[in-house]
Amino acid sequence: MEQVVGKTPRIEVVDALRGFAVMAIVLVHNVEHFIFPVYPEDAPHWLSVLDQGVFDVVFSLFAGKAYAIFALLFGFTFYIQTNNQRRKGKDFGYRFLWRLVLLVGFATLNAAFFPAGDVLSLFVVVGLVLFLTRNWSDKALLITSIFFLSQPMEWFHYVASLINPSHQLPNLRVGAMYAEVAEYTKAGDFWPFIWENITVGQKASLLWAVNAGRFFQTAGLFLLGFYIGRKRLFVSTERNSRLWVKILIVSAIAFAPLYSLKELVAQGGGIVGRTVGTAFDMWQKLAFMLVLVASFVLLYPRERFRKAVSDLRFYGKMSLTNYITQSIIGAILYFPIGLYLAPYCGYTVSLLVGMLTFLAQTRCCKWWLGKHRQGPLEAIWHKWTWLGQK
């Protein structure tokens, strides 16, 4: 039997990795002002240069990758819940559907303060794929995950355009909906702002995910996380370490050409840029995400690294609470319904605000988890998930 390396339980790695993902999401959301592009107009030249550097670094490192880690771990958590119930001879599937219904409420709460930017509603819709595949074989899960991650819809539209040059992508009016939500945000009227966000904003967010390739990518990541759970790949063993090293090497090598191809195709514009370009964009982000995950998993058994990121475990255990409260904090800080600091916060200042938000949330997490097993929203979600069970 293979010996487990070190004493770090698998759940610590997952919690810390989830905490890393949510921290990165907080930083990205602050830099982009929660999709409210209002910034200082008269910054000195040196600050403008610094701001552009901050934006490029933060978005290169985390944009589209942090969310992907979050999605991967959503699938992994489904494995944990499914496996725990299977040991008791129970099918978690229908209880999971109820859990998704409850997630609608949390998604609505988050969307109320995050104009057209909520990802939880996407998780609700795409989460159905986990229910449908919960009894599939490992091989079927992996193949289906790869199929979704290949972006089949983008390639369908591309091939259709080759066969019929007049073929057009469906007009989902995402831009018009974002503009409408932006007007309500700028108006600063609280209740119209909330209503517009949970109606038009939610619709815009879901349809943007369709345009950006995130629907299929999220499905693929959910199944990949489910597969990783079944194969116990987050357990620190010699065999798993060798596999993560291979994943790190292949992903690192693949990233550069995928990124270059994405840039090259995107420059061409037209339907090719919006289909093949989207596919390459999703693939280069997937490759970089795997570099981040593999690096984190390989470094975590090392005591120095584990100590350096130890607070991320607390942050990850309260990921739902932190994810939603950072949206509320952002709305209060940046939007006209609150302090309206957006015109005074460039990318650099906004990054510092994001860091302070993360540090404050981490401190609250450590205090809360010293007295409770779960975060407040996590406890509600857990309690209501098991309503009616004896």
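Basis of the calculations
Residues numbered from 1 in each chain as written. Predicted model: local features only at pLDDT ≥ 70, side-chain atom pairs only at ≥ 80, totals over all residues. Heavy atoms only, no water. Helix = DSSP H or I, 4+ residues; strand = E, 2+ residues; numbered from the N terminus. Rg over C-alpha atoms; globule rule 2.2 N^0.38 Å. Buried < 20%, exposed > 50% of the residue type's maximum accessible area, 1.4 Å probe, protein only. Contact = heavy atoms within 4.5 Å. Areas by Shrake-Rupley, 256 points an atom, 1.4 Å probe, with all protein chains shown as cover. Lys, Arg positive; Asp, Glu negative; His and termini not counted. Charge placed at Lys NZ, Arg CZ, Asp CG, Glu CD. Expected span 1.5 Å × (residues − 1).

Enquirer: Explain the overall build of the protein chain here, please?
Expert: Across its full length, the protein chain holds 18 helices and 0 strands. For 390 residues, the compact-globule estimate of 2.2 N^0.38 gives 21 Å, and the protein chain sits close to it at 21 Å. If you line up the protein chain on its principal axes, its C-alpha atoms span 65 × 60 × 45 Å. Relative to its full complement of 390 residues, the protein chain shows a buried share of 51%. If you take every contact in the protein chain between residues at least 6 apart in sequence, the share linking residues at least 24 apart comes to 83%. On the protein chain, roughly 19,000 Å² of surface is accessible, and the fraction owed to carbon and sulfur atoms is 65%. Separation between the mean location of the 37 positive side-chain charges and that of the 22 negative ones in the protein chain comes to 15 Å.

Enquirer: Quick question: what am I supposed to make of helix α16 (residues 319-334) here?
Expert: Each full turn of the α-helix corresponds to 3.6 residues, which orients residues three or four apart in the same direction. Taking 1.5 Å per residue as the helical rise, α16 with its 16 residues ought to reach 22 Å, and the 22 Å between its terminal C-alpha atoms agrees with that figure. If you check which residues of α16 are buried, you get S319, L320, T321, N322, Y323, I324, Q326, S327, G330, A331, L333 and Y334.

Enquirer: Looking at this structure, I do not really get the environment of I11. What am I missing?
Expert: Here I11 lies in helix α1 (residues 10-31). Placed 302 residues apart in sequence, I11 and R313 show a C-alpha to C-alpha distance of 9.1 Å.

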